[in-house]
Amino acid sequence: MMLVAGITAAFVCLLVLPVVFAYATGKRKGGGALFISRDKVHDPRYFAKSFSALMQQSEIDQHTRKVKLSRMEEIDRITELGFPKQQYDNVVFCSGKLLTVVPQNMDFSKEIYAEKDICLAGDTVLRSLCCRQNLIIGNGVVIGRWADAEGTAAVYDNCDLGLSMTSASGLSIGSNCTFCRLYAPEILLGWHPQDTGAIGREVPKNVLALDEKSPQERNIRYVMDDMRDENGVVPYTLITDRDLVVTEGLVVQGDIRSEKGVRLCENAIVCGNVFAEEDIVLGCNACVLGTVFTQGSVTLEDGAAVGRREKIASLIARDHIFIHGSARVYGYISCEKGGVVNVAASPAEAKAAFAPEQYEFLYLTGGAVPRLLIALSNDRLLKVQSEDLYRFPAGGALAALDPDAPDDSKPVSRPAVQLAVLAGILLVCTLGAFIYHLLAPQVEQVGETPTAELYHNQGLTQDIQLSSLPVSITEDYVVFTDRVLQRFHVSPEEIAQDAAIYDSVLDLVPEGVNKYVMLVPLRIYYEQVWKEYGGDMEAAAAQFASLMPRGTVFIDLFDALPSGQDQYVFFRTEPYWAGEGAYYGASAFFAEKGEPLPALESYRQALYQNFEGSLFDLTDQSKGDDSTYDDRIYVYTQPDFTNQEILFRRQTDGSYTPGREPILSKSRTAMSSYVGNSTFSHAILKGSVKNGKTMLLIGDTSAKIMASYFTEAYETVYVINQRWYSQDDSAFSDIFRDYNVTDTLMIQSMSALGDELNRSRVMRIVHNNVS
Amino acid sequence: MVITILKIYMIISIAIMIAYAIRHILFAYNRMFGRQRIYYQDIYSGDMPKVSVLVPMHNEEKVLHFVMDSLLECVYERDKFEIIPINDNSIDKTRELLDAYHEKYDFIKPLHRNSPDRGKPAGLNDAMKTATGDIIIVFDADYRPSRDLVRQIALAFLDPNVGAVMGRVIPYNTNTNLLTRLLNLERSGGYQADQQARYNMRLMPQYGGTVGGFRKSILLQSGGFNPRVLAEDTELTYRIYTSGWKVVYANSAECYEESPETWEVRGRQVRRWSRGHNQVLFHYLIPTICSRYMSLREKIDGIFLLFVYAVPFLTALAQLVSVALFLLGEMNILAGWWVLLFIGAYNSFGNFAPFYEIGSALLVDGTRGEARLLPLLTFSFYFYLWNISLGFLDACADALTHRKVIWAKTARFTKEDAGGKP
């Protein structure tokens, strides 16, 4: 009975007491409405402006050396005597000098306020800095909160820029610097004022003039050439719930919005804004004229740009921002988890990355012109030189710092400045070239992943095997959820026509140059169950071989490529061989020449994930789950592979321009991961040997997948993309003269046999040459 | 047979309540511990869209200067900014006061309406025809936008997939009485937890009709607001999603509003919302399920949201059914494992589940002391149950009879001299 009474009492208490407390709380006055700061306006330079306003409004008490800021603060005023202490615990007020130079290894636990120019020589820790004119932050400076300059700000290497680094005019930031927020009308990242040359490429004026308003195109995955209009521009705003890739050199007129990630390949331009839920990558020289915003991270590769002059934009990432090389941003940068410019792998590398002999103020007038040089040597400031527009007061601004220094108070003559500038430029160029040479092969290492743990040999995840039952069998294809097998049915007449075209090209090859031909079989030939649907490819190849001109070696690949399902010889979604298949093709070529290729295991393996080829688009069937059944692109290179090509790409006006770029690059996608891009005319690969030999490789995609295997044996590999090759008169013959071509190999997939369009493309090589 | 139907209805009601309880808990958990998506407020762009701010007014002489003066202080490029106060059949001095503003500022362009089709949707439709901005931002006449608010809302439209933006509304007359304090809790939970969680989880944040904006082209291409629908904001949310656009929530775009100060006014307001919302339910349930633009998660959340003002009626009915079953001696469905569902449903939906959201919102807002008021929401639950059910029945009657909807403005409590500023 007592127990029941107790439980009842407890129940009533638990039921009633919360209500009683709530009622009592309701009777008392509450905390009021939530506060909204109605006058607050977003301003990237908010910290500096409010601090500067407080400093300007407040009078410093001369007796107590105190000033009223948010509370009474003691002030340390810096005079011409410089900094007698190494550590300052009060607000530091630098006034009355044209230039204040803060020596190395200082520690400021409160704000620094400088009325004129200021230069931090390096290795200094400070809380905040407000500069009313120009600012230099030397190597190894750590900022706790914020720094701002009314003029320009130049930040050198290995700095931590705290919460915010801003400038009202311009900002340059060197290597291995971390940041959270940056703002300036023009921000040059991975760049020093001494550096010459522009970052990236200029956006053509006709692109700048495009109207950003454009119709919407939804749910696409690759923005390719076929979306261009007659002006060579993709005239859409692109909205998709997939990963979106804008291929090389394309111009997108509108905005981009992806529910996943976005990748702009080399030289791609987006005239509007780019928004994504996952990561965004701007490849080499890619440019977004509007804002870039993501809930993931952003990577800017060398030469990438965001925004444009006179029209600020923002680069905002929920996670990280990574800058590789140099990049430009016009406006605001923000990331919640921190950003980094050219992160160094180790302290030694950080130190070696750039060790300036001198600091310069940043001076932006459309280009970088040094306004003031501050030379450093042995961790000590020696002298300051200035142009005419920058005059020191009599006695020398820095004379007090170093009594033994020579009298530099007189304005330095213009020739002396010019000489100094020239010497600086020379030094930087030499140093830059040296560093580039050292780092170039390693810079673009892409995903050397232990992929055996991720995928088995068909590029499928480990627990998924190739499906055995097709979804449909059509006249042209056998379609599965994970692959498409292309069927072969070409008549002997058509093969004879194709062979005749090849003959025409090979006739142009001079005497003494070895001639080889390969036809790559289709994947269906190697799938035993479905081989009977493939047609008689062997007979077709034999007929083709018999029609080749005398002296031409036809390399039979049917037995050279391994059969079975345990190797990734062919793509599942594309009618070409994969990197491994191309290896066996190259092995057959070198076997013919009696020069064995190294074992495949000795190659480095780079992986580009998630590639969907064109085969499914050619059928009425759709592929299974987007990412699971995607192909993976493996690129095999020898350790001494020279990661460099000169690429001749087609421009929007139909002309072709050369560009030097790495082959393995994070911004590459799809078939461009091998050599060239989707619209390249021809490419020149640098080999790793010096033997004066050149391989001329003519073909379709099979050729460019194979190209890298020849760099071990030839000094130059000249790759002609038969799809887009269109050059001036006699250009084809000139190749033999200019490059000392020793071997010519023509190669194409058997899927191209009987194709009228392909035939006309190959004929273009001959016609152009004849005309 | 009847008893079987009643039992099945009880079980379905319980299942629905549990589903909503899980939803509440998920939102609260996401707001407290989940990954928070950032809004666009940090963007600085030299290429902002042209904005037209529309302010519907009906006899607002006492308060209109608050919103007009606040808008004049807003930071936005003047050549990309216009204000269109909509004087909707006012009979006080609203017209004269707005004309005086127009004489001083040419970008204030009052629209005087004197037509029988009074109401917010009709007024907005007329104003949109004269507006020159691509983006329409709507404020009520008793609102006081902060200086940065228009910019923050407009920024979202740089994203080409955003069709509408909703800011956060904060009551300023919180301390007037117990009702306003409870409404403050509900607002906190509704915006700080519920809307933000839906934005985080890429579900369906809701456009709320004021302190928000939308693309003019979406409305004009689909014939403007429907004057027959009372909840034009909810209707716009579904129109946006089913035509392939998104709504985003801007938690930092805060604006004060006035809460109802009497239970009578609040009851009428909630009944009107319920009526309008359920009209949208009848119109958009099938389009939402069949939409080819919405993801599965958006569809699920969209369906939950559509039924929000129908569920209280179904709950009220379930309670009546439970009494009937008890009197008929058929409550043996309480035997066995179903009893767990009963207890779970009651504790979650009836009491605890909304508490999670409101409690987490108060924690995030830094007003945890107000959480002591939470038990009192148990009583307002029945107040809402009644008024929302009436609204549901109104909507059913609207659907059956196709009668004309008459707009009723929520009464204002601001005194002219006091200004109502917090």
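Predicted model, so just to flag it, every value in this text is computed and none were measured.

(A) Quick peek at the overall build of chain A. Looking only at helices and strands, one finds 12 helices and 47 strands in chain A. Relative to its 771 residues, chain A shows a buried fraction of 55%. In chain A, of all internal contacts separated by at least 6 residues, the share reaching a separation of at least 24 is 48%. When the accessible surface of chain A is split by element, carbon and sulfur atoms take 53% of a total near 32700 Å².

(B) A look at the packing of aromatic side chains. On inspection of all chains with the given rule, the structure shows 50 aromatic pairs over all chains. Where Tyr583(A) meets Tyr709(A), the ring centres are 5.8 Å apart and the plane angle is 65 degrees; that geometry is what we call edge-to-face. Here the residue Tyr583(A) occupies a position in helix α8 (residues 579-593), and Tyr709(A) occupies one in the loop between α10 (701-706) and β46 (716-721), the gap between them amounting to 126 residues. Of the two residues, Tyr583(A) and Tyr709(A), both sit in the buried class. Centroid distance Trp263(B) to Phe383(B): 4.9 Å. Interplanar angle 75 degrees. Geometry classified as edge-to-face. Placement of Trp263(B) in helix α9 (residues 263-290) and of Phe383(B) in helix α13 (residues 377-401) is noted, with a sequence separation of 120 residues between them. Every member of this aromatic cluster is reached through a ring pair, and the members are Tyr46(A), Phe47(A), Phe51(A), Phe93(A), Tyr113(A) and Trp146(A). Just above the ring of Phe480(A) sits the side chain of Arg483(A); from NZ or CZ to the centre is 3.8 Å. Taking NZ or CZ as reference, Arg37(B) lies 4.3 Å from the ring centre of Tyr199(B), over its face.

(C) View of the environment of Phe275(A). Mapped onto the elements of the fold, Phe275(A) is located in strand β23 (residues 274-276). For Phe275(A), a relative accessible area of 0% puts it in the buried group. Through-space distance from the C-alpha of Phe275(A) to that of Lys260(A) is 9.5 Å; in sequence the pair is 15 residues apart. Ignoring anything within four residues of it in the chain, the contact list for Phe275(A) reads Ile256(A), Arg257(A), Ser258(A), Val262(A), Phe293(A), Tyr40(B), Ile43(B), Leu158(B), Asp159(B) and Pro160(B).

(D) Representation of the interface of chain B and chain A. Taken together, the contact between chain B and chain A spans 55 residues of the former and 53 residues of the latter. Both faces combined, the contact of chain B with chain A buries some 4400 Å², and carbon together with sulfur accounts for 55% of it. Where chain B touches chain A, the interface holds 6 salt bridges. Its salt-bridge partner being Arg35(B), residue Asp319(A) comes within 3.2 Å of it at the nearest N-O pair. Run the count over chain B and chain A and you get 16 residue pairs in polar contact (both at pLDDT 80 or more). With 4 residues, the top contributor of residues to the side of chain B that touches chain A is strand β8 (residues 246-257) of chain B. Here the residues of the side of chain B that touches chain A sort into 23 nonpolar, 13 polar and 19 charged.

(E) How the structure looks around the nonpolar core. Counting 104 residues, the largest nonpolar core has Trp577(A), Phe589(A), Phe710(A) and Phe732(A) as the members making the most contacts within it. At 7 residues, the largest contribution of residues to this core is made by α8(A).

(F) Broad picture of the packing of α9(B) against helix α10 (residues 296-306) of chain B. Residue and element names in this part refer to chain B. Between α9 and α10, the shortest axis-to-axis distance is 9 Å and the interhelical angle comes to 160 degrees. Comparing the axis directions of α9 and α10 gives the class roughly antiparallel. In terms of crossing hand, the pair formed by α9 and α10 is left-handed. Residues His-277, Val-280, Leu-281, Tyr-284, Leu-285, Thr-288, Ile-289 and Cys-290 of α9 lie in contact with α10, whose contacting residues are Lys-299, Ile-303, Leu-305 and Leu-306. Counted by class, the contact of α9 with α10 contains 9 nonpolar, 2 polar and 1 charged residues.

(G) Fine view of the state of the cysteines. Residues and elements named next belong to chain B. Applying the stated criterion to the full structure yields 0 disulfides over all chains. Distance from the sulfur of Cys-255, which forms no disulfide, to the nearest cysteine sulfur (Cys-74) is 9.0 Å. On the accessibility criterion, Cys-255 (1% relative accessible area) is buried.

(H) Spatial organisation of unusual backbone geometry. All names here are of chain A. The phi torsion at Asn-158 lies on the positive side, around 60 degrees, for a residue other than glycine. Looking at where Asn-158 falls in the secondary structure, it is placed in the loop between β11 (152-155) and β12 (164-167). Overall, Asn-158 belongs to the partly exposed group, its relative accessible area being 26%. Within the chain, Asn-176 stands out as a residue other than glycine whose phi angle is a positive 55 degrees. Assignment of secondary structure puts Asn-176 in the loop between β13 (170-173) and β14 (177-189).

(I) Broad picture of a negative patch on the surface. A contiguous patch of negative charge, built from Asp536(A), Glu538(A), Asp556(A) and Asp559(A), is present on the exposed surface. Along the chain, Glu538(A) turns up in helix α7 (residues 537-546).

(J) Representation of the sheet that holds strand β37 (residues 484-486) of chain A. Across the sheet, which stays open at both edges, the 3 strands sit in the order β35-β36-β37 (chain A) with antiparallel pairing between neighbours. Two strands lie at the open edges of the sheet, namely β35 (472-473) and β37 of chain A, each paired on one side alone.

(K) Looking closely at the pairing of strand β4 (residues 135-138) of chain B. Residue and element names in this part refer to chain B. Covered by surrounding structure in β4 are Ile-135 and Ile-137 together with Ile-136 and Val-138, the residues of both alternating faces. Where strand β1 (residues 51-57) and β4 come together, 4 bridges link them in parallel fashion. Opposite Ser-52, over in β4, you have Ile-136 as the bridge partner. Of the pairings in the sheet, the one linking β4 to strand β7 (residues 212-215) comprises 4 bridges and is antiparallel in character. Among the inter-strand pairings, Val-138 is bridged to a residue of β7, identified as Gly-212.

(L) Spatial organisation of the pattern of salt bridges. Within the structure shown, the criterion is met by 47 salt bridges over all chains. With a shortest N-O distance of 3.0 Å, Asp738(A) and Arg737(A) are connected by a salt bridge. Between Arg187(B) and Glu257(B) there is a salt bridge; the shortest N-O distance is 2.8 Å. Remark: Glu257(B) occurs in strand β8 and Arg187(B) occurs in helix α6 (residues 178-200); sequence separation between them is 70 residues. A residue is classified by how much of its surface remains accessible, and Arg187(B), at 22% relative accessible area, is partly exposed. On the basis of relative accessibility, which here comes to 6%, the residue Glu257(B) falls in the buried class. One network of salt bridges, in which partners are shared, links Arg257(A), Glu259(A), Glu277(A), Arg37(B), Asp159(B) and Arg202(B).

Here is what the cut-offs are and how they apply
- Residues numbered from 1 in each chain as written.
- Chains lettered and ligands numbered in written order.
- Predicted model: local features only at pLDDT ≥ 70, side-chain atom pairs only at ≥ 80, totals over all residues.
- Heavy atoms only, no water.
- Helix = DSSP H or I, 4+ residues; strand = E, 2+ residues; numbered from the N terminus.
- Buried < 20%, exposed > 50% of the residue type's maximum accessible area, 1.4 Å probe, protein only.
- Contact = heavy atoms within 4.5 Å.
- Areas by Shrake-Rupley, 256 points an atom, 1.4 Å probe, with all protein chains shown as cover.
- Phe/Tyr/Trp six-rings, centres within 6.5 Å; stacked < 30°, edge-to-face > 60°.
- Lys NZ or Arg CZ within 6 Å of the ring centre and 35° of its normal.
- Buried area = accessible area lost by both parts, 1.4 Å probe.
- Salt bridge = Lys/Arg side-chain N within 4 Å of Asp/Glu carboxyl O.
- Polar contact = N/O pair within 3.5 Å; in protein donor to acceptor, adjacent residues only side chain to side chain.
- Nonpolar A, V, L, I, M, F, W, Y, C, P; charged D, E, K, R; others polar.
- Core = buried A, V, L, I, M, F, W, Y, C linked by side-chain atoms within 4.5 Å.
- Axes fitted to C-alpha atoms, helices over the stretch in contact; angles between N-to-C directions.
- Parallel < 35°, antiparallel > 145°, perpendicular 65-115°, else oblique.
- Left-handed = near helix turned anticlockwise from the far one by under 90°.
- Disulfide = S-S within 2.5 Å.
- Patch = residues over 30% accessible without salt bridge, like charges linked within 9 Å, V, L, I, M, F, W, Y side chains within 5 Å.
- Lys, Arg positive; Asp, Glu negative; His and termini not counted.
- Charge placed at Lys NZ, Arg CZ, Asp CG, Glu CD.
- Pairing = 2+ DSSP bridges.

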